[in-house]
Amino acid sequence: MDFDFSPIAENWRFFASGLGVTVALSIVSAITSMLAGLFIALLRLYGPNWLRPLLVFYIDTMRAIPVLVVLVWMYFAFPILVGITLPPFWAALVALTLHIAAYAAEVMRAGIESVRPGQTRAALALGMSRAQLLRKVVLPQATIRMLPAFGSILTMAIKDTAIATVIAVPELMHSAETVAGQSYRPVEVYTAVMVAYFCILFPVTRGVDRLYQRVAHLGRS
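Residues numbered from 1 in each chain as written. Predicted model: local features only at pLDDT ≥ 70, side-chain atom pairs only at ≥ 80, totals over all residues. Heavy atoms only, no water.

## Digging into the overall build of the protein chain
Filter applied, for reference: Secondary structure elements follow DSSP: runs of H or I of four or more residues count as helices, runs of E of two or more count as strands, with numbering from the N terminus. Here's how the labels work: a residue is buried when its accessible area is under 20% of the maximum for its type, exposed when over 50%, partly exposed in between, all with a 1.4 Å probe on protein chains only. Contact criterion: two residues are considered in contact whenever any of their non-hydrogen atoms come within 4.5 Å of each other. Surface accessibility follows the Shrake-Rupley procedure with a 1.4 Å probe radius. Residue values consider only the protein chains on display as shielding. Charge counting follows a simple rule: Lys and Arg are positive, Asp and Glu are negative, and His as well as the terminal groups are ignored. Note on charges: their place is set at NZ of Lys, CZ of Arg, CG of Asp or CD of Glu.
Per the secondary structure count, the protein chain includes ten helices and zero strands. Counting from the amino terminus, helix and strand elements in the protein chain follow one another as α-α-α-α-α-α-α-α-α-α. Along the three orthogonal principal directions, the C-alpha set of the protein chain runs to about 70 × 45 × 25 Å. Burial analysis of the protein chain (221 residues in total) assigns 39% to the buried set. Once local pairs closer than 6 in sequence are excluded, the contacts in the protein chain between residues at least 24 apart make up 75%. With an accessible surface of roughly 12100 Å², the protein chain has 69% of that area assigned to carbon and sulfur atoms. Treating the 17 positive side-chain charges of the protein chain as one cloud and the 11 negative ones as another, the clouds have centres 23 Å apart.

So, in C-alpha cells, the structure goes:
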C-alpha cells in the first residue's frame, strides 16, 4: 500500500482551523466544568439537606449516560422543548459541561473531604467564617491533592471534543472526516489526527504529573 500525505499538506489551513476549534472548545469546557463541579460539590457538602438528593441524582445520571447521548439530546431535542436553537459549538459546550461537571463534582467533593476535620474545627474555633475556612484552609490543600484528577478531567475534555463532529462542530475530527472523504486517504488523514491528539494530550498529562510532584508536599497535613 502506498502512503500519500499530500492531502494533509494541501489542507493544513483547514486542519489548523479545526485544531483551533478543538483547543478552544477543550479549554472553555474544562473551565466551565471545573467551576460547575466546584459549585455542585460545595452545595452538596454545605448546602441545604433537601438539595443533596437532587445533586446526587444529577451526578449519577450524567455518569450513567454516554456523553454522545447528552450531546445529541442537547442539539436536537433541547430546541424542541424550549424553542431555542443553540449553534453547534454552544450546544457542544453545554453538553460537555453538563457531563464532565458531574465527574469534577465528585473529584472536588472527595478532595474537600480529604482535609482532616481537625483543621476545620481549629479554623472555626479561631473565629473564621465558613467562606474563610474554605478559601484559606480547605481549598488550598484540596486543590493540590486533586491535581492528578484534574489532569484526567482536562484530558477527558480534550478527547470528548472529537464527539462534537456528530453535530457538525468544525473541530479537528470534523476536518479530518471532510478531507478523508474528499481525498480517499483515510489512513493517512486519521493517522495524522491521532498524532495531533497525542501531541496535545501527552504534554498535558505529563505536565500535570510534573506539577503535582513539585507541589504534592504542600497538600499534606
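On we go.
## Observations regarding unusual backbone geometry
Here alanine 168, not a glycine, exhibits a phi torsion of approximately 65°, which is positive. Note that alanine 168 resides in the loop between helix H8 (147–160) and helix H9 (172–183). On the accessibility criterion, alanine 168 (44% relative accessible area) is partly exposed. The phi dihedral of tyrosine 184 is positive, around 55°, even though this residue is not glycine.

## A look at helix H4 (residues 67–82)
Applied cut-off: To estimate how far a helix should extend, the number of its residues minus one is multiplied by 1.5 Å. A residue's bend is given by the angle between axes fitted to the 7 residues ending at it and the 7 residues starting at it.
The terminal C-alpha atoms of H4 lie 21 Å apart, and with 16 residues this matches the ideal 22 Å at 1.5 Å per residue to within 8%. The sharpest bend along H4 reaches about 40° and sits at methionine 74. Within H4, burial applies to Val67, Val70, Leu71, Met74 and Pro79. Summarising the contacts, the buried residues of H4 are in contact with helix H3 (52–64), helix H5 (88–113) and H8.

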